[in-house]
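If you want the building blocks of each chain, they are given just below.
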Protein chains: 2
Amino acid sequence: MELVAAIDLGGTSIKAALLDSALNPVHSTRVPTRRVGEVVDVDQLGELIETLTEDATGHDGRLVGVGVVTPGIVDSDLGVVRFGANLGWRDLPLRERLIERTKLPMRIGHDVRAGGLAEFTVGAAVGVRNAIFMPVGTGIAAALMVDGHELHATGYAGEIGHAVVDPNGPLCGCGQRGCLEAIGSAGAIARIYAERCGEPVSGALEVATRMQAGDEVAARVWDEAIRALATALTTAVVLLAPEVIVIGGGLAESGDVLFGPLRRELESRLTFHRRPQVVAAALGDGASRTGAGLLAWRAVREASS
Amino acid sequence: MELVAAIDLGGTSIKAALLDSALNPVHSTRVPTRRVGEVVDVDQLGELIETLTEDATGHDGRLVGVGVVTPGIVDSDLGVVRFGANLGWRDLPLRERLIERTKLPMRIGHDVRAGGLAEFTVGAAVGVRNAIFMPVGTGIAAALMVDGHELHATGYAGEIGHAVVDPNGPLCGCGQRGCLEAIGSAGAIARIYAERCGEPVSGALEVATRMQAGDEVAARVWDEAIRALATALTTAVVLLAPEVIVIGGGLAESGDVLFGPLRRELESRLTFHRRPQVVAAALGDGASRTGAGLLAWRAVREASS
């Protein structure tokens, strides 16, 4: 049985799996990300792929390709990570480095765009020619499907988290004021609520729970987040005219308390534009890994053609 | 000599030309748009194409294809004008109607997207894989080149004029408040200035002239427009990562008084993002017509292949 390795590299952990050609995991693993000083150690990925090669043999299979997805600015055509703040990488030719060591067909991708690829291919927006996948977690980014093409722009596309939705809003980690990410992300919701109340919360879902219990500060913070999300999405809709917007990440787990008001807010802002459906991600946490698997199978097909 | 007809249909006039294969005009004409009641008369286009067929003969040429561009929501793949507020059209199968009458290879396009096609093909952003063309006149729309593909989204893409840049801003014709078009268009600049001063002006260029002469109201209106343009473009940049932004339309004729502050404002907002060049359109008023010519030659090539 031919298998591919799907590897989702994060700043704190690496999630990896062996997937069959139907993208079913036959084996999965999670290890803490290893660093040399501040810099994530590329050799760990090489070692992981070697271990997965043995694991494949243990499952009566054969590892035939690899997909690795990372955060940051990733030029997937060249297989170069341009900039990964969480990884300490700059202009790292990751694909070349890993091929050198493993000699396997290999594709490098961006974690969010790979998640989008998975949602657009086997998830919540299959066969849709114009769609947006926007995971909302600690940060916010988007994968854009435009006229049936996954937008790449040499790795720079989709940074919707840094659309300015309120020029007088809070400072963002990027240095700008009032970015969507600084108001509408799960991280921002928890942080802003904690600041206003003077007591920490476990996360955005707790803010939602408190709002439902009648907490007015929570309601205000949540409402500001919804409006920030709607503002950025409205601009994305007038520019790109998606038929479907897929919301993922931790915030999507809050369900109707997010989707109800977000749909209403978006509806109230769109006038002559085409109305997109707003739906929850189908693949949850595993979207990026599934996307890495899709990239790995692409690499296999390309190598054999 | 083979010639194509390039027709730019507007709400008040039709600009048409016969272009050779190098897109040089060998003949051009302009006629007022004819209406039957509120609705623009399709037959006028048919008659115009017949006249242009004779004109081509008169120039020792032969009309071999037609490109027609219109405002509104245009599905250029199907050749259908979905919605043209200025034209009184809804779901009009324009391509089919004109082929029936003229039997010529024919393409229908959107005026702004066709202008973008011209700027991206023979104008200010040739060979750039990610670019935005944004004419700023009475209204504002954009043509988007994404990864070397002209974004279409069945005609709905590029409506950047209706990105909300100030939720408390003036009412827009579309029914929403604070759209870019209601603050940053040449039309809005003239209108807002006139409202604040109580005296009419000939247009946005006069507001610029007054600002340069020390008029503080003019300076404020102009500054608000620049900031509105920068706000919408920043979101477009973080989403689409264009390498070049081409500004056209009447406002681009104001030159440095527009481009200087707009470049500075955009530069001040972008943090880790790729910085686009902001340049003036090369084809001016004729971009849409040149784009119609490009569409016509495409129709010819497709018909012969």
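Located above this text is the structure these notes cover.
Structure report, in brief. This is a predicted model, so every value here is computed, not measured. (Residues numbered from 1 in each chain as written. Chains lettered and ligands numbered in written order. Predicted model: local features only at pLDDT ≥ 70, side-chain atom pairs only at ≥ 80, totals over all residues. Heavy atoms only, no water.)

1. What to know about unusual backbone geometry
All names here are of chain A. The cut-off we apply is this: Where helices and strands are cited, they refer to DSSP runs of H or I of at least four residues and of E of at least two residues respectively, numbered from the N terminus. Relative accessibility decides the category of a residue: with a 1.4 Å probe and only protein chains considered, values under 20% of the type maximum give buried, values over 50% give exposed, and everything between is partly exposed.
Positive phi is not limited to glycine here, since Leu23 has a value of about 70°. Among the structural elements, Leu23 can be located in the loop between β2 (13-19) and β3 (25-32). The backbone phi angle of Ala241 is positive, close to 50°, even though this residue is not glycine. Among the residues examined, Ala241 registers a relative accessible area of 2% and is labelled buried.

2. Points about the packing of helix α1 (residues 42-58) of chain B against helix α2 (residues 94-102) of chain B
All names here are of chain B. Threshold: Only the stretch in contact is used when fitting a helix axis, every axis being a line fitted to C-alpha atoms; angles between N-to-C directions are given from 0 to 180 degrees. Angular relationships are summarised with four words: roughly parallel below 35 degrees, roughly antiparallel beyond 145, roughly perpendicular across 65 to 115, and oblique for the angles in between. When the near helix sits turned anticlockwise from the far one by under a right angle, the crossing is termed left-handed; a clockwise turn instead gives a right-handed crossing. Residue contacts follow a heavy-atom distance rule, with two residues in contact if any of their heavy atoms lie within 4.5 Å. For this classification, Asp, Glu, Lys and Arg are treated as charged, while Ala, Val, Leu, Ile, Met, Phe, Trp, Tyr, Cys and Pro are nonpolar and the rest, including Gly, are polar.
Following both chains from N to C, one finds α1 and α2 inclined at 45°, their axes separated by 10 Å at the closest point. Compared by their axis directions, α1 and α2 come out oblique. Regarding α1 and α2, the two cross each other, and that crossing is right-handed. Residues Val42, Asp43, Leu45, Gly46, Glu47, Ile49 and Glu50 of α1 form the contact with α2, whose participating residues are Leu94, Arg97, Leu98, Arg101 and Thr102. For the contact of α1 with α2, the class distribution of residues is five nonpolar, two polar and five charged.

3. Focus: the relation of the copies chain A and chain B
Think of it as a corkscrew move, a rotation about one axis and a shift along it, taking one chain copy to the other. Counted only if it meets this: Copies are brought into register by a least-squares superposition over C-alpha atoms of residues with pLDDT of at least 70 in both.
Expressed as a screw operation, the relation of chain A to chain B combines 0.0 Å of axial shift with a rotation of 180°, fitting to an RMSD of 0.0 Å. Taken together, the rotation angle and the small translation identify this as a two-fold axis. Most of the interface of chain A is mirrored in chain B, where 100% of its interface residues again form contacts.

4. Observations regarding the pattern of salt bridges
For side chains bearing opposite charge, pairing can occur when the charged atoms are close. The following threshold applies: Only one rule defines a salt bridge in this text: a Lys or Arg side-chain nitrogen within 4 Å of an Asp or Glu carboxyl oxygen.
For the structure shown, the criterion picks out 32 salt bridges over all chains. The salt bridge involving B:Glu206 is made with B:Arg210; its shortest N-O contact spans 2.8 Å. In this pair, B:Glu206 and B:Arg210 are both assigned in helix α6 (residues 204-212), four residues apart and thus about one turn of the helix distant. Several salt bridges converge on common partners, so that one network encompasses A:Asp8, A:Lys15 and A:Asp285.

5. With respect to the packing of helix α7 (residues 216-240) of chain A against helix α7 (residues 216-240) of chain B
In a pair of packed helices, the angle between the axes and the distance between the axes together describe the arrangement. The contact between α7(A) and α7(B) brings their axes to 10 Å, and the two run at 75°. The angle between the axes of α7(A) and α7(B) places the two elements in the roughly perpendicular class. The segment α7(A) lies against α7(B), with A:Thr235, A:Ala236, A:Leu239 and A:Leu240 engaging B:Thr235, B:Ala236, B:Leu239 and B:Leu240. Taken together, the residues of the contact of α7(A) with α7(B) break down into six nonpolar, two polar and no charged.

6. Quick look at helix α2 (residues 94-102) of chain A
All names here are of chain A. What counts here: Arc definition: directions from the helix axis to the C-beta atoms.
Looking only at α2, the buried set comprises Leu94, Leu98 and Thr102. Axial view of α2: buried residues confined to an arc of 40°, hence all on one face. When the buried face of α2 is taken as reference, the exposed residues oriented beyond 90 degrees from it are Glu96 and Glu100. Where α2 is buried, its residues touch α1 (42-58), β6 (62-70), β8 (80-84), β9 (89-92) and β10 (106-110). Residue Lys103 follows α2 closely and has a positive phi angle near 60°.

7. Some points on the sheet that holds strand β1 (residues 2-9) of chain A
Residue and element names in this part refer to chain A. To be explicit about the condition: We treat two strands as partners when DSSP finds at least two bridges between them.
If you walk across this open sheet you meet the five strands as β3-β2-β1-β6-β10, and the pairing is mixed. Each edge of the open sheet carries a strand with a single partner, namely β3 and β10. Adjacent strand axes in the sheet meet at a mean angle of 20°, parallel and antiparallel pairs treated alike. Along the sheet face, α2 touches β6 and β10 and points at about 150° away from the line of β10. In this fold helix α3 (residues 111-122) packs onto β1, β6 and β10, with an angle of close to 100° to the strand it touches most, β10.

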